[in-house]
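Secondary and tertiary structure notes
If you want the building blocks of each chain, they are given just below.
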Amino acid sequence: MRFDVTILGSSSATPIFNRNPSAQVLNINERLFLIDCGEGTQQQLLKNGIKAQRINHIFISHLHGDHYLGLVGLLSSLHLYGRIRAMEIFGPPELKEILDIQFKYSQTNLRYPIEFYATQTERSALIYENPDIRVESFPLEHRIPCTGFRFSEKNRLPKIIREKVEELNIPVDVIPLIKKGADYTDETGVVYKASDLTLAADAPKSYAYCSDTVCNWKYIDQIRGVDTLYHEATFMNDMADRAAETFHTTALQAAEVARFAGVKQLLLGHFSARYRELEPLQDEARTVFANSRLALEGQTFVI
Ligand SMILES: [Zn+2]
Ligand SMILES: [Zn+2]
């Protein structure tokens, strides 16, 4: 099952040095989930060969412009492309009002419905579920209400043994049933047990997105043990005071969080415009957590 994240933007506040503000696309089993939608997201989708029409779920962490100012443009383009399928949007309650007013005064009647789900920032909540995954939001501490998101796969299905499929000529449409535990009976009436045709499933994967936040350690339980954690790392640690003042995190603090939460991989992002070179942030994080990487635009990370 595919589970990866492509970074479309990881700059804080303003676009600079060819870096775009926050946006990323999760591909989970060929379903696309857009997380934050900074200005420039449409161009970044085009540049990375990701079809916007395939996105059916959008998650917005908070209402600072660098996390959502690309949203109205994206939704408008989808209207122009002739989309009719509903778009599910999860975000702060006020976002609904912003969208409504934008479309009201441009006299745009979207051809497709928006199903809006308000996030709440006081406690964690299960906000979305499908047969493959569950998504929880959890409170972060920023200058305005802000949430992180955790995407967790449910149990994966066992893997079919390819050699058996070929050997027994098992029809393709039967394979999903075998994975779910059904035995297979061939044309001559011989029964093969599902357990003899499959291998144990891989462990389910999980991904957490920690948008803008001061490093307050209160969200550790929500991100514990994830395979990949994206955490903002706006500043180097010599600017820890500035980070605290502006409700942001340093690269070193993000790494400490990753280590303490027992995650496997850390992606650093939301880089301040003061840093032209980003390697020093990665170096700093790696002093605490070795598997720290820069969430650079255009890169896809397997979770
Ligand atoms: Zn931001
Ligand atoms: Zn912010």
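The following refers to the structure shown.

Reading guide: rules and limits
Each chain has its residues counted from 1, following the order in which its sequence is written. Both sets of labels track the order of writing: A upward for chains, 1 upward for ligands. The predicted nature of this model means local features are confined to residues of pLDDT at least 70 and side-chain atom pairs, given and counted, to a pLDDT of 80 or more, with totals for whole chains, interfaces and linings taken over all residues. As a rule here, side-chain values come from all non-hydrogen atoms in the structure, and water together with hydrogens is ignored. The helix and strand labels rest on DSSP assignments: H or I over at least four residues marks a helix, E over at least two residues marks a strand, and numbering proceeds from the N terminus. Based on C-alpha atoms, the radius of gyration is set beside the globule rule, defined as 2.2 Å times the residue count to the power 0.38. For the exposure calls, accessible area comes from a 1.4 Å probe over protein chains only, and a residue counts as buried if that area is under 20% of its type's maximum, exposed if over 50%, partly exposed in between. Residue contacts are counted whenever heavy atoms from the two residues lie within 4.5 Å of one another. All accessible-area figures derive from a Shrake-Rupley calculation using a 1.4 Å probe, and residue coverage is judged against the displayed protein chains alone. For the purpose of counting charges, residues Lys and Arg are taken to be positive, whereas Asp and Glu are taken to be negative. His and the chain ends are not included. A charge is said to be at NZ when it belongs to Lys, at CZ for Arg, at CG for Asp and at CD for Glu. Within 6.5 Å between ring centres, the rings of Phe, Tyr and Trp (the latter by its six-membered ring) count as paired, and their orientation is classed by plane angle as stacked under 30 degrees, edge-to-face over 60, tilted in between. Fitted lines through C-alpha atoms serve as axes, helices being fitted only where they are in contact, and the angles separating the N-to-C directions of these axes extend from 0 to 180 degrees. Any angle that is under 35 degrees is reported as roughly parallel, and any over 145 degrees as roughly antiparallel; angles of 65 to 115 degrees are reported as roughly perpendicular and all others as oblique. Rotating anticlockwise by less than a right angle from the far helix to the near helix defines a left-handed crossing, while the corresponding clockwise rotation defines a right-handed one. Amino acids are sorted into nonpolar (Ala, Val, Leu, Ile, Met, Phe, Trp, Tyr, Cys and Pro), charged (Asp, Glu, Lys and Arg) and polar (every other residue, Gly among them). For this analysis, a nonpolar core means a set of buried residues of the types Ala, Val, Leu, Ile, Met, Phe, Trp, Tyr and Cys, connected via side-chain atoms within 4.5 Å. Ligating atoms shown are N, O and S within 2.8 Å of the metal, or 3.2 Å for Na, K and Ca, and water is not included, meaning a site may look less than complete. Geometry is assigned from donor-metal-donor angles: four donors are tetrahedral when every angle falls between 85 and 135 degrees, four are square planar and six octahedral when opposite donors sit over 155 degrees apart with all other angles between 65 and 115, and any other arrangement is irregular. Side-chain atoms alone can form a polar contact between residues adjacent in sequence; in general such a contact is a pair of N or O atoms within 3.5 Å, and within protein one must be able to donate a hydrogen while the other accepts it.

A few words on the overall build of the protein. In terms of helices and strands, the protein carries 11 helices and 18 strands. Against the globule reference of 19 Å for 303 residues, the protein gives a C-alpha radius of gyration of 21 Å, in line with a compact fold. When each of the 303 residues of the protein is scored for burial, the buried share is 52%. Counting only contacts in the protein whose residues sit at least 6 apart along the sequence, the fraction spanning at least 24 positions is 65%. Of the roughly 14400 Å² that the protein leaves accessible, carbon and sulfur atoms contribute 49%. Side-chain charges of the protein comprise 33 positive and 38 negative groups, with the mean position of each set lying 2 Å from the other.

All right, on to the packing of aromatic side chains then. Evaluation of the coordinates by the stated rule reveals 11 aromatic pairs. Ring centres 5.0 Å apart and planes at 15 degrees place the aromatic pair Phe90 and Tyr117 in the stacked group. Of this pair, Phe90 sits in strand β5 (residues 87–91) while Tyr117 is found in strand β6 (residues 114–118), placing the two residues 27 residues apart along the sequence. These aromatic residues form a ring-pair network of at least three members: Phe33, Phe59, Phe90, Tyr117, Tyr128, Phe149 and Phe151.

A few words on the packing of helix α10 (residues 251–261) against helix α11 (residues 279–286). Axes are the key here: two packed helices are described by the angle between their axes and the distance separating the axes. Between α10 and α11, whose axes approach to 8 Å, the crossing angle comes to 40 degrees. Considering the angle they form, α10 stands oblique to α11. Here the hand of the crossing between α10 and α11 comes out right-handed. Here Ala251, Leu252 and Ala255 of α10 lie close against α11, whose contacting residues are Leu281, Glu284 and Ala285. For the contact of α10 with α11, the residue count by class is 5 nonpolar, no polar and 1 charged.

Turning our attention to the nonpolar core. Core analysis: the largest hydrophobic core is formed by 34 residues, its most contacted members being Tyr219, Ile223, Leu229, Leu266 and Leu268. Elements supplying a minimum of two residues to this core: β8 (133–140), β14 (206–210), α8 (220–223), α10, β16 (265–269) and α11. It is α10 that contributes the most residues to this core, 7 residues altogether. Within the second largest apolar cluster, 25 residues are counted, among which are Val25, Val72, Leu74 and Ile89.

With distances of 2.1 to 2.2 Å, the protein atoms coordinating the zinc ion (ligand 1) are Asp66 (OD), His67 (NE2), Asp212 (OD) and His270 (NE2). Note that the zinc ion (ligand 1) binds 4 donor atoms; their angles at the metal cover 89 to 167 degrees, and the shape is irregular. Site description for the zinc ion (ligand 1): donor spacing in sequence, D-H-x144-D-x57-H. In this structure, the zinc ion (ligand 1) lies 3.4 Å from the zinc ion (ligand 2), and both are coordinated by Asp212. Of this pair, His67 sits in helix α2 (residues 65–68) while Asp212 sits in the loop between β14 and α8, and the two are 145 residues apart along the sequence. The same class applies to His67 and to Asp212, which are both buried.

What follows covers the coordination of the zinc ion (ligand 2). Taken together, the protein ligands of the zinc ion (ligand 2) are His62 (NE2), His64 (ND1), His142 (NE2) and Asp212 (OD), with distances of 2.1 to 2.2 Å. Each of the 4 donor atoms around the zinc ion (ligand 2) contributes to a set of angles spanning 88 to 167 degrees, which defines the coordination as irregular.

Even without a glycine there, the phi angle at Gln107 is positive, about 50 degrees. Relative to the helices and strands, Gln107 is located in the loop between α4 (94–105) and β6.

In this fold, Thr234 is placed in the loop between β15 (228–232) and α9 (240–245). For Thr234, a relative accessible area of 2% corresponds to the buried category. Polar side-chain contacts of Thr234 include one of 3.3 Å to the side chain of His248.

What follows concerns α10. Counting buried residues along α10, 8 of its 11 residues qualify, which places the element largely inside the surrounding structure. Among all positions of α10, only Ala251, Leu252, Gln253, Ala254, Ala255, Val257, Ala258 and Ala261 are buried. Turning to α10, the residues buried within the fold contact α8, β15, α9, β16 and α11.

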